[in-house]
Amino acid sequence: GAVVSQHPSWVICKSGTSVKIECRSLDFQATTMFWYRQFPKQSLMLMATSNEGSKATYEQGVEKDKFLINHASLTLSTLTVTSAHPEDSSFYICSARPSGNIREAQYFGPGTRLLVL
Amino acid sequence: QKEVEQNSGPLSVPEGAIASLNCTYSDRGSQSFFWYRQYSGKSPELIMFIYSNGDKEDGRFTAQLNKASQYVSLLIRDSQPSDSATYLCAVKKAPDMRFGAGTRLTVKP
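Because the structure is a prediction, the values reported are computed rather than measured.

A closer look at the sheet that holds strand E7 (residues 61–66) of chain B
Residue and element names in this part refer to chain B. The sheet built from five strands is open, its strands ordered E1-E3-E8-E7-E6 with antiparallel pairing. What marks the edges here is a single partner per strand, and that holds for strand E1 (4–6) and strand E6 (54–58). For this sheet the average axis-to-axis angle between neighbouring strands, irrespective of direction, equals 20°.

Quick notes on the pattern of salt bridges
In total, this model carries seven salt bridges over all chains according to the counting rule given. For lysine 66 of chain A, the salt bridge is made with aspartate 88 of chain A, and the minimal N-O distance between the two is 2.9 Å. Placement of the pair is lysine 66 of chain A in the loop between strand E6 (57–58) and strand E7 (67–73) and aspartate 88 of chain A in the loop between strand E8 (76–81) and strand E9 (90–97), with a sequence separation of 22 residues. Using a relative accessible area of 5% as the deciding quantity, one classes aspartate 88 of chain A as buried. When the shortest N-O distance is used, the salt bridge between lysine 93 of chain B and aspartate 27 of chain B registers 3.5 Å. Separated by 66 residues along the polypeptide, lysine 93 of chain B in strand E9 (residues 85–93) and aspartate 27 of chain B in the loop between strand E3 (19–25) and strand E4 (32–38) bring together distant segments of the chain.

Thoughts on the nonpolar core
With 39 residues, the main nonpolar core has Leu114 of chain A together with Tyr36 and Phe99 of chain B as its most contacted residues. In terms of residue count, E9 of chain A provides more of this core than any other element does, five residues in total. By size, the runner-up hydrophobic cluster in this structure holds 23 residues, among which are Leu21, Cys23, Ile76 and Leu105 of chain B.

Looking at the packing of aromatic side chains
Evaluation of the coordinates by the stated rule reveals nine aromatic pairs over all chains. Aromatic pair phenylalanine 108 of chain A and phenylalanine 99 of chain B: ring centres 5.7 Å apart, planes at 65°, arrangement edge-to-face. Of the two residues, phenylalanine 108 of chain A sits in strand E10 (residues 107–108) while phenylalanine 99 of chain B sits in strand E10 (residues 96–99), which places them in two different chains. Among the aromatic side chains, those forming a connected cluster through ring pairs are Tyr36 and Phe108 of chain A together with Tyr36 and Phe99 of chain B. When the ring centre of phenylalanine 67 of chain A is taken as reference, the NZ or CZ atom of lysine 66 of chain A above it lies at 6.0 Å. Over the ring of phenylalanine 61 of chain B we find arginine 60 of chain B, and its NZ or CZ is 5.6 Å from the ring centre.

A word on the state of the cysteines
In total, this model carries two disulfides over all chains according to the counting rule given. At a sulfur-sulfur separation of 2.0 Å, the disulfide partner of cysteine 23 of chain A is cysteine 94 of chain A. Around the S-S axis, the bridge from cysteine 23 of chain A to cysteine 94 of chain A shows a dihedral of about 80° and counts as right-handed. One end of the pair, cysteine 23 of chain A, is in strand E3 (residues 19–25); the other, cysteine 94 of chain A, is in strand E9, and 71 residues separate them in sequence. Accessibility classification places cysteine 23 of chain A together with cysteine 94 of chain A in one group, the buried group. Residue pairing for cysteine 23 of chain B: its cysteine sulfur links by disulfide to cysteine 89 of chain B, the two sulfurs lying 2.0 Å apart. The disulfide joining cysteine 23 of chain B to cysteine 89 of chain B has a torsion of about -70° about its S-S bond and is therefore left-handed.

Definitions and limits used
Residues numbered from 1 in each chain as written. Chains lettered and ligands numbered in written order. Predicted model: local features only at pLDDT ≥ 70, side-chain atom pairs only at ≥ 80, totals over all residues. Heavy atoms only, no water. Pairing = 2+ DSSP bridges. Helix = DSSP H or I, 4+ residues; strand = E, 2+ residues; numbered from the N terminus. Axes fitted to C-alpha atoms, helices over the stretch in contact; angles between N-to-C directions. Salt bridge = Lys/Arg side-chain N within 4 Å of Asp/Glu carboxyl O. Buried < 20%, exposed > 50% of the residue type's maximum accessible area, 1.4 Å probe, protein only. Core = buried A, V, L, I, M, F, W, Y, C linked by side-chain atoms within 4.5 Å. Phe/Tyr/Trp six-rings, centres within 6.5 Å; stacked < 30°, edge-to-face > 60°. Lys NZ or Arg CZ within 6 Å of the ring centre and 35° of its normal. Disulfide = S-S within 2.5 Å.

What follows is the structure, encoded as structure tokens:
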């Protein structure tokens with residue numbers, strides 16, 4: 001149980017294009033999902049918290065107009081990197097928290113590796 | 001003071017030894033405590049959780065929690081080279097979960 005998928009796992013794009021990453025909770029409902037970014041050999045950095053049916057909450061320093069988050073259902077959140085630039089190249093990881101049990105862990109997706117040329 | 005602190009390591013132990021990973025947290029109201037393992041190039045995976053003071057064992061892993069000291073640890077017995085990874089401590093005070101920066105563990109054959 002508690003499986004989270006992400007798609008795509010790898011994406012290479014040209015500078016200036018937009019990239020959409022999907023995060024799905026496969027066997028549970030998730031009112032809240034989280035988006036992280038991780039650069040090589042660095043810690044996870046929380047970018048934003050996504051709540052189903054409402055606007056995402058962004059961490060300080062994360063541009064909400066650049067990283068668009070949509071959480072339209074209890075099993076799907078999307079992150080769109082708009083007008084991507086080489087400095088956006090990173091490992092993007094989502095996680096989902098099952099609805100209901102407040103003590104419950106977060107479960108991570110396998111991550112999406114983005115390379116912007 | 002960081003909310004969740006871990007020694008970044010690297011922590012190096014020989015194969016078969018006990019690896020001890022430590023974590024301290026600042027918020028006394030924290031309710032749930034988790035250990036995640038992250039292999040290089042992969043996303044974190046949950047390996048242990050503990051809610052109450054004391055020890056919790058699962059196979060070769062033991063999580064220890066001391067709320068009075070605001071301290072949580074993970075012991076890995078009979079360490080294997082496949083245990084080499086970064087271990088993230090996570091502390092939850094609902095609804096927020098805070099992660100430590102992780103301790104890199106290397107188990108040498």
